[in-house]
Amino acid sequence: MTEKNILPEPISFACSHLEVLEGYEQLEDMFWFEKLESWVLHFSIIVPEVNQSSISLSTQWYMLIDPLYPRGSISIYPDKNRSIINTYHHQNENIATEDYPWRWGKICTDWDNGNLDRLSDNEELLDAEHRIYWHVERLKLWIVAASNGSLMKEGDHFELPHISFTRKMTEKIVFAEEYQHLNNWNSVKSRSGLLSLRAIKQFPDIIFVSQLVNNKSEVVQSYDWGKLFDVSSDTEQYYGVWLLLHSHPTLSSWSYPKTIEELDFVCRLQQIDLWKEVYDSMHTFRERDRNFILIGFPIPQIIGQENQVLHWIAIEIPKLSKKVKKVKGFRKVNDYYFLIDRLNELKPSKELRYLPTENWSKEAILSRGSLNKEMQQDSIFLIGAGALGSAIGELLSRTGVSKITICDEDTLKIGNLSRHILGLEYLSSNKAESLSFRINKNNLHIRSSAITSRFPNINEEEVDCLENHDVVIDTTGSDTVINHLNLFDWTLPKRFISISLGFGAKRMFLLLSNKHPFPRKTFFEFLQPWLALEREENKDTVLPREGIGCYHPLFPARLDDIWTMAGLAIKEMEAWWPDSFGSNIFAVYEHQQFNGMPAGVILKQREVF
């Protein structure tokens, strides 16, 4: 509980150090701001080095300090009337609202790269004595750089202007532009056209851009959103207009247009006639209550380098005029509609209503880490959706595999929850179907299906499905499945992977084979000595059983050990995958302990044949 009338001693102590900072002056007593649960410091700063043609010598600021100081956040905002009013790089959109004495243009004094780091060679000081002082010093550097236009330089990472949403926005418009798409866009002659969007009932706040067509109804872009998007029949359809610009539509210093007039101005700067481009498509804005216009433009990753990808920003357009009484003198009714629109919903002073817009391409989503391209492109038939199979499926789906079919007839039981990726909501459901359903939500660009039969007892249609996959992965640990993989009447060459765990998941046995059919004899020759060792090691162990009177002994293995081995299996697969005519591999990994403590996993055997 915060004592709201008593300024915490660490904050008071830190602010006292500001008194020696040249140009600094505290303007009023610090106060508690209940709405944001922060202590507020109102101060002015004089920066002699500032370029006064763009920013005044003296500016006023509000610093919001977390009551947990020196922990918690520190944020600096411009005074509403006596500070900067433009938006610059490394700053939130600098809009003013009635509720606060400051603007919402929070300064990024603590960003960890860019020009400020070049100007200031010390990292953020986190102790109570120096942290506030450090932020005000960084503010001075930011003001100077903003005033002379040097906040961003060649070699810095490109950043888009920030958009502040004055109300909580849960909706998002999402598109999927890959790097390779930019070449296609460079060859597109049209600058505008119609677009379609869909919202899936299961995720109503996500509006997916699905297709863009030119004024000849030719598709110029469509996005592959995966199985989840395809099978969702209960969807809401939206329409809109797209407009492609030559470069980012920004005004000085670094903000998007705020009104229709400013958008028109930005387009004219790029030699694009906004109304000429969208006029023939405006009929779509007269049919529905909600409409969208997408503004596209190419952007680089690094300032000074070539553009890498096309980015879109979305603006919601209200329903436009329709069925109004026509006035004599207008030969075309659309001309009259357009005149009415320009006087009302599209009048120059009309503020633009931006919506959060994000690039959800596979590249963007997987930028934190993904498998190599070869693994992503091949299709996988996964036999077994148990503890190990579900871990393998989960890892493959989240790292970029595009197509995976899961085959298992078993259902999820309560005992499975201790080491399965599925939860209680899937209890008594088929594991393959449930895992496939989950995987389709893990990755919006994957297509996962399920076969609810035990391999190889699958029908002709399912056999055709199996034959259409590139790689077969067996995670059942079943000799019977291995035998059937060898004897199955394959009509097309396949690559095979077998992953199985020893007692307690102490060991993992892995076979990676480019040989067709499955090399059963060689696999068992490598495996038998290890199975004999496992039998000897565990001959006196009593296996756990599930429930009272259950006749089925359980295979003991803890989830953390299973996931460790599953991760290793993925790494082995990724190294082997690109060379489809390469060697076959048999490998054994084993958990190690030293003085009762975990000592990692080592490779005990690797055979290349």
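Look up: the structure comes first, before these words.
Residues numbered from 1 in each chain as written. Predicted model: local features only at pLDDT ≥ 70, side-chain atom pairs only at ≥ 80, totals over all residues. Heavy atoms only, no water.

1. Details of the overall build of the protein
Across its full length, the protein holds 16 helices and 22 strands. With the C-alpha coordinates of the protein rotated into their principal frame, the extents come out at 80 × 75 × 50 Å. Counting all 609 residues of the protein, 49% fall into the buried class. Residue pairs in contact within the protein that sit at least 24 positions apart in sequence constitute 65% of those at least 6 positions apart. Of the roughly 30400 Å² that the protein leaves accessible, carbon and sulfur atoms contribute 49%. The positive charge centre, built from 65 side chains, and the negative charge centre, built from 82, are 7 Å apart in the protein. (Helix = DSSP H or I, 4+ residues; strand = E, 2+ residues; numbered from the N terminus. Buried < 20%, exposed > 50% of the residue type's maximum accessible area, 1.4 Å probe, protein only. Contact = heavy atoms within 4.5 Å. Areas by Shrake-Rupley, 256 points an atom, 1.4 Å probe, with all protein chains shown as cover. Lys, Arg positive; Asp, Glu negative; His and termini not counted. Charge placed at Lys NZ, Arg CZ, Asp CG, Glu CD.)

2. Side note on the packing of helix α14 (residues 479-487) against helix α15 (residues 520-537)
Closest axis-to-axis distance for the α14/α15 pair is 10 Å, and the angle between their directions is 150°. In terms of their interaxial angle, α14 and α15 are classed as roughly antiparallel. Between α14, through Asp479, Ile482, Asn483, Asn486 and Leu487, and α15, the contact on the second element is made entirely by Arg520, Phe523 and Phe524. Residue composition of the contact of α14 with α15, grouped by class: four nonpolar, two polar and two charged. (Axes fitted to C-alpha atoms, helices over the stretch in contact; angles between N-to-C directions. Parallel < 35°, antiparallel > 145°, perpendicular 65-115°, else oblique. Nonpolar A, V, L, I, M, F, W, Y, C, P; charged D, E, K, R; others polar.)

3. Let's talk about the nonpolar core
Ile392, Leu396, Ile473, Ile497, Ile499 and Met573 are the most contacted members of the largest nonpolar core, which totals 38 residues. The element best represented in this core is helix α16 (residues 559-576), accounting for seven residues. If we skip the residues at most four places from it in the chain, methionine 573 touches Met375, Ile392, Ile473, Ile497, Ile499 and Leu512. (Core = buried A, V, L, I, M, F, W, Y, C linked by side-chain atoms within 4.5 Å.)

4. Topic: the pattern of salt bridges
Pairing of side chains with opposite charge becomes possible as their charged atoms draw close. Scanning the model with the defined rule gives 25 salt bridges in all. Notably, a salt bridge pairs arginine 454 with glutamate 409, separated by 2.6 Å at the nearest N-O pair. Residue arginine 454 is located in the loop between β17 (447-451) and α13 (460-467), and its partner glutamate 409 is located in the loop between β16 (403-407) and α12 (431-442); the two are separated by 45 residues in the primary sequence. Note on glutamate 409: relative accessible area 39%, which makes it partly exposed. Notably, a salt bridge pairs glutamate 536 with lysine 539, separated by 2.9 Å at the nearest N-O pair. (Salt bridge = Lys/Arg side-chain N within 4 Å of Asp/Glu carboxyl O.)

5. Digging into the side chain of serine 379
Along the chain, serine 379 falls in strand β15 (residues 379-383). In this structure serine 379 touches Lys403, Asn468, His469, Asp470 and Val471, once residues within four positions along its chain are discounted.

6. Overview of the packing of aromatic side chains
For the structure on display, the rule yields 33 aromatic pairs. Aromatic side chains tyrosine 62 and tryptophan 102 sit 5.2 Å apart centroid to centroid with 50° between the ring planes, which places their arrangement in the tilted category. Taken together, the residues span a long stretch of sequence, with tyrosine 62 in strand β4 (residues 58-65) and tryptophan 102 in the loop between β5 (74-78) and α2 (115-119) at a distance of 40 residues. Overall, the relative accessible area of 0% leaves tryptophan 102 in the buried class. Judged by centre distance (5.6 Å) and plane angle (65°), the ring pair of tryptophan 185 and tryptophan 312 falls under edge-to-face. Of this pair, tryptophan 185 sits in helix α4 (residues 181-187) while tryptophan 312 sits in strand β12 (residues 307-318), and the two are 127 residues apart along the sequence. Tryptophan 312 shares its class with tryptophan 185; the two are buried. Feature note: the residues Phe455, Phe488, Trp490, Phe496, Phe518, Phe523, Phe524, Phe526, Phe586 and Phe609 constitute an aromatic cluster, connected by ring pairs. Sitting above the plane of the phenylalanine 229 ring, arginine 198 keeps its charged end 4.2 Å from the centroid. Over the face of the ring belonging to tryptophan 576 we find arginine 495, whose NZ or CZ atom lies 4.1 Å from the ring centre. (Phe/Tyr/Trp six-rings, centres within 6.5 Å; stacked < 30°, edge-to-face > 60°. Lys NZ or Arg CZ within 6 Å of the ring centre and 35° of its normal.)

7. A short note on α13
Within α13, burial applies to Glu462, Val463, Leu466 and Glu467. What you see down the axis of α13 is that its buried residues fit within an arc of 145°, all on one side. Packing partners of the buried residues in α13 comprise β15, β17 and β18 (471-474). At the N-terminal end of α13, a side-chain oxygen is found 3.1 Å from the backbone nitrogen of glutamate 461, two or three residues along, and the residue is asparagine 459. (Arc of directions from axis to C-beta. Polar contact = N/O pair within 3.5 Å; in protein donor to acceptor, adjacent residues only side chain to side chain.)

8. Quick word on helix α6 (residues 260-269)
Buried within α6 we find Ile260, Leu263, Asp264, Val266 and Cys267. Viewed end-on, α6 has its buried residues packed into an arc of 160°, placing them on one side of the element. Exposed residues pointing more than 90 degrees away from the buried face of α6 are listed as Glu261 and Leu269. Against the buried residues of α6 lie β10 (235-244), α7 (274-278), β11 (290-300), β12 and α8 (333-343). Directly after α6, the chain includes glutamine 271, whose backbone phi takes a positive value near 60°.

9. Topic: a nonpolar patch on the surface
A cluster of nonpolar side chains, namely Ile414, Leu424 and Leu427, defines an oily patch on the protein surface of about 290 Å² accessible area. Mapped onto the fold, isoleucine 414 is located in the loop between β16 and α12. (Patch = residues over 30% accessible without salt bridge, like charges linked within 9 Å, V, L, I, M, F, W, Y side chains within 5 Å.)

10. Re the sheet that holds strand β20 (residues 507-513)
The strand order β17-β16-β15-β18-β19-β20-β21-β22 describes an open sheet built from eight strands, whose pairing is mixed. Edge positions in the open sheet fall to β17 and β22 (597-608), since each of these has one partner strand only. When strand polarity is set aside, the average angle formed by the axes of neighbouring strands in this sheet is 15°. Of the pairings in the sheet, the one linking β16 to β17 comprises five bridges and is parallel in character. (Pairing = 2+ DSSP bridges.)

11. Notes on unusual backbone geometry
A cis amide bond links phenylalanine 455 to the next residue, proline 456, at an omega of 10°. Here the bond from histidine 516 into proline 517 is cis, since omega is -5°, no more than 30 degrees from zero. Among the structural elements, proline 517 can be located in the loop between β20 and α15. The backbone of glutamate 37 sits at a positive phi, close to 50°, despite the residue not being glycine. Of note, glutamate 37 is situated in the loop between β2 (31-33) and β3 (38-46). The backbone phi angle of alanine 505 is positive, close to 60°, even though this residue is not glycine. The residue alanine 505 is located in the loop between β19 (495-501) and β20 in this model.

12. Let's talk about the environment of serine 361
The topology assignment puts serine 361 in the loop between β14 (357-359) and α9 (362-365). Given a relative accessible area of 1%, serine 361 falls into the buried group. Here the alpha-carbon distance between serine 361 and leucine 444, two residues 83 residues apart in the chain, equals 8.7 Å. Those residues within four positions of serine 361 in sequence are excluded, and the remaining contacts are Phe175, Ala176, Glu177, Glu178 and His445. Polar side-chain contacts of serine 361 include one of 3.4 Å to the backbone oxygen of glutamate 177. A polar contact of 3.1 Å, which involves the side chain of serine 361, links it to the backbone nitrogen of alanine 364.

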